[in-house]
Amino acid sequence: MEENRRETKRMNKARVARLISEAGAISKNEVSARLGLSMPTTLQHVKELTEAGYVVENGELESTGGRKAKTLSIAKDAGYAAGMDITMDAILFVLVNMRKELVRKARIRVPFAKDFSYYEAMANWLRVFLEQTGVEEDKILGVGITLPGVVNQKEKLLRHSHVLQVENMSFKGFEELSGYRCEVESDAGGAAYAETAGRSGDLVYLSLNDTVGGAILLNQSFYKGAEDRSGQFGHMKRERNGRLCYCGGRGCLDAYCSAKALQGDEPSMEAFFEKVRKRDRESKRRLDEYLEDLAAAVSDLRMAFGCDILVGGKAGGYLKEFRKELDRKVLECDRLDLDTSFLDFGKCQAEASAYGAAMRLVDRFFEEM
Ligand SMILES: [Zn+2]
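Residues numbered from 1 in each chain as written. Predicted model: local features only at pLDDT ≥ 70, side-chain atom pairs only at ≥ 80, totals over all residues.

**Let's talk about the overall build of the protein chain**
Each helix and strand counted, the protein chain has 13 helices and 16 strands in total. Compactness check: the protein chain gives a C-alpha radius of gyration of 23 Å against a globular reference of 21 Å for 369 residues, within 12% of the reference. For the protein chain, the spread of C-alpha atoms along the three principal axes comes to 65 × 55 × 40 Å. Relative to its 369 residues, the protein chain shows a buried fraction of 39%. Considering only residue pairs separated by 6 or more positions, the protein chain has 59% of its internal contacts joining residues 24 or more positions apart. (Helix = DSSP H or I, 4+ residues; strand = E, 2+ residues; numbered from the N terminus. Rg over C-alpha atoms; globule rule 2.2 N^0.38 Å. Buried ≥ 20, exposed ≤ 12 C-beta atoms within 10 Å, placed from the backbone. Contact = placed C-beta atoms within 7 Å.)

Quick look at the structure:
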């Protein structure tokens, strides 16, 4: 009986913390009303969370006349989470604070390798990165690692990655080596987490990075499919016997809509779009073709899921500029919608994956507290 009471109390305290974290800034009255807790209970939880250093009382909410209410928010330096996005030739590091604000990021050239030396390099650079942030070790909640491939989160395992040319790579060893709690997920999954934060409703996220992937958000949680296989949008068939895909097949969407396919031989995405803006004919032609293929994919996803579609990743961030052209092409494919208000673009671009993985660790902290 006593145990049940304690458990209820712990759960309610966690709910209060989670609500404050989600809201950003919220008054005590609102906490009490939204969670259906009495005011004395709410105040007791807030007091305990404040004393523990997780919650601060600050600012004032705008109110119409009368006394202004003080607001509660999460203490930003109560803890931090790191994110690491692994690619073939580099690791992108990010650090977010307890309010999920980006504190620092760094991209370090570390060529991927299949052996133990890579874990050592990862752990080393992580240590260097974290030292530079000046954050004390015991304030780091953990490290979220994102990888280009199919991941088993529970087993902390990269099941396979065509990009990295590796199968069944476990990150439990890295966890021991680094001394931090680690979580792994696919790069598209991490990016989806960052890009969909604060959005309501079902959503399909289409990630246009060096490879194409995505995620499906249904009823406020990610639909993973059997063995985490969902969201492999890059291997939907765009054309029979079409361009060669890195998976070995032909005509996959990846070969048409990856950031690489768009960038071509240009040194960077920025360089490519600079040429487009200067009306370089060949670049403009490639963008046009790219938008046609992308429009068909967007339309297919809209037909299959019937919900909002969010386009993100390295290429996605640039496409906002060409929204009108894309809209027109989408509507040429999609005869069932009257407009493209279901289509939107991501904001986080290059660091979305690592950022999302770090954000998830912060959320998990509040879920588990
Ligand atoms: Zn493929």
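Picking up after the structure, the text goes on.
**Focus on the nonpolar core**
One broad trend across soluble globular proteins is that nonpolar side chains are buried collectively. Of all hydrophobic cores here, the largest spans 92 residues; its most connected members are Ala82 and Ala358. Sequence-distant contacts of Ala82, defined by excluding residues within four places in its chain, comprise Phe93, Val94, Leu95, Leu126, Leu130, Ile140, Val143 and Ala358. (Core = buried A, V, L, I, M, F, W, Y, C linked by C-beta atoms within 7 Å.)

**Examining the domain arrangement of the protein chain**
Here the protein chain is described as being made up of domain 1 (2-74), domain 2 (78-191 + 352-368) and domain 3 (200-349). Taking the mean C-alpha position of each, domain 2 and domain 3 sit 26 Å from one another. Contacts between domain 2 and domain 3 engage 13 residues on the former and 17 residues on the latter. Elements represented by at least two residues in the side of domain 2 that touches domain 3 include exactly strand E8 (150-152), helix H6 (187-196) and helix H13 (352-368). When its residues are assigned to classes, the side of domain 2 that touches domain 3 shows eight nonpolar, four polar and one charged. (Domains from an automatic or database assignment. Nonpolar A, V, L, I, M, F, W, Y, C, P; charged D, E, K, R; others polar.)

**Focus: the pairing of strand E11 (residues 182-186)**
Within E11, five of the five residues are buried, which leaves it mostly tucked inside the rest of the structure. Examined bridge by bridge, strand E7 (residues 140-147) and E11 share five bridges and lie parallel to one another. Bridge pairing in E11 places Val143 opposite Cys182. (Pairing = 2+ DSSP bridges.)

**So, the pairing of strand E4 (residues 80-86)**
Look at any regular strand and the pattern is simple: side chains alternate between the two faces of the sheet. In terms of residue burial, E4 counts as a mostly covered element, since seven of its seven residues are buried. Along E4, one buried face is formed by Tyr80, Ala82, Met84 and Ile86 and the opposite face, lined by Ala81, Gly83 and Asp85, is buried too. Taken together, the seven bridges between E4 and strand E5 (residues 90-97) define a ladder with antiparallel strand orientation. When the bridges of E5 are listed, Ile86 appears paired with Ile91. Connecting E4 to the next strand, E5, in antiparallel fashion are three residues. Judged from the five bridges that link them, E4 and E7 form a sheet pairing that is parallel.

**Looking at the sheet that holds strand E14 (residues 221-223)**
In spatial order, the strands read E14-E13-E12-E15-E16; together these five strands make up an open sheet with mixed pairing. Strands at the two margins of the open sheet, each flanked by one partner only, are E14 and strand E16 (343-345). On average, each strand axis in the sheet is tilted by 30° relative to the strand beside it, whichever way the strands run. (Axes fitted to C-alpha atoms, helices over the stretch in contact; angles between N-to-C directions.)

**A word on H6**
Among the 10 residues of H6, 10 are classified as buried, and the element is accordingly described as predominantly covered. Within the sequence span of H6, burial applies to Asp187, Ala188, Gly189, Gly190, Ala191, Ala192, Tyr193, Ala194, Glu195 and Thr196. Immediately downstream of H6, the backbone of Gly198 shows phi near 80°, a positive value.

**What about helix H3 (residues 39-51)?**
Each turn of an α-helix holds 3.6 residues, which means side chains three or four residues apart point in the same direction. Taking 1.5 Å of rise per residue, the 13 residues of H3 would be expected to cover 18 Å, and the 18 Å separating its terminal C-alpha atoms lies within 8% of that figure. Within H3, the full set of buried residues consists of Thr42, His45, Val46 and Leu49. End-on, the buried residues of H3 take up no more than an arc of 100°, which puts them together on one face. Exposed residues on H3 whose side chains face more than 90 degrees from its buried face are Pro40, Lys47 and Glu51. (Expected span 1.5 Å × (residues − 1). Arc of directions from axis to C-beta.)

**Points about the sheet that holds E11**
Reading across from one edge, E6-E5-E4-E7-E11 is the order of the five strands in this open sheet, with mixed pairing throughout. Two strands in the sheet have a free side with no partner beyond their single neighbour: strand E6 (102-109) and E11. Adjacent strand axes in the sheet meet at a mean angle of 20°, parallel and antiparallel pairs treated alike. Pairing of E5 with E6 involves seven bridges; the strand directions are antiparallel.

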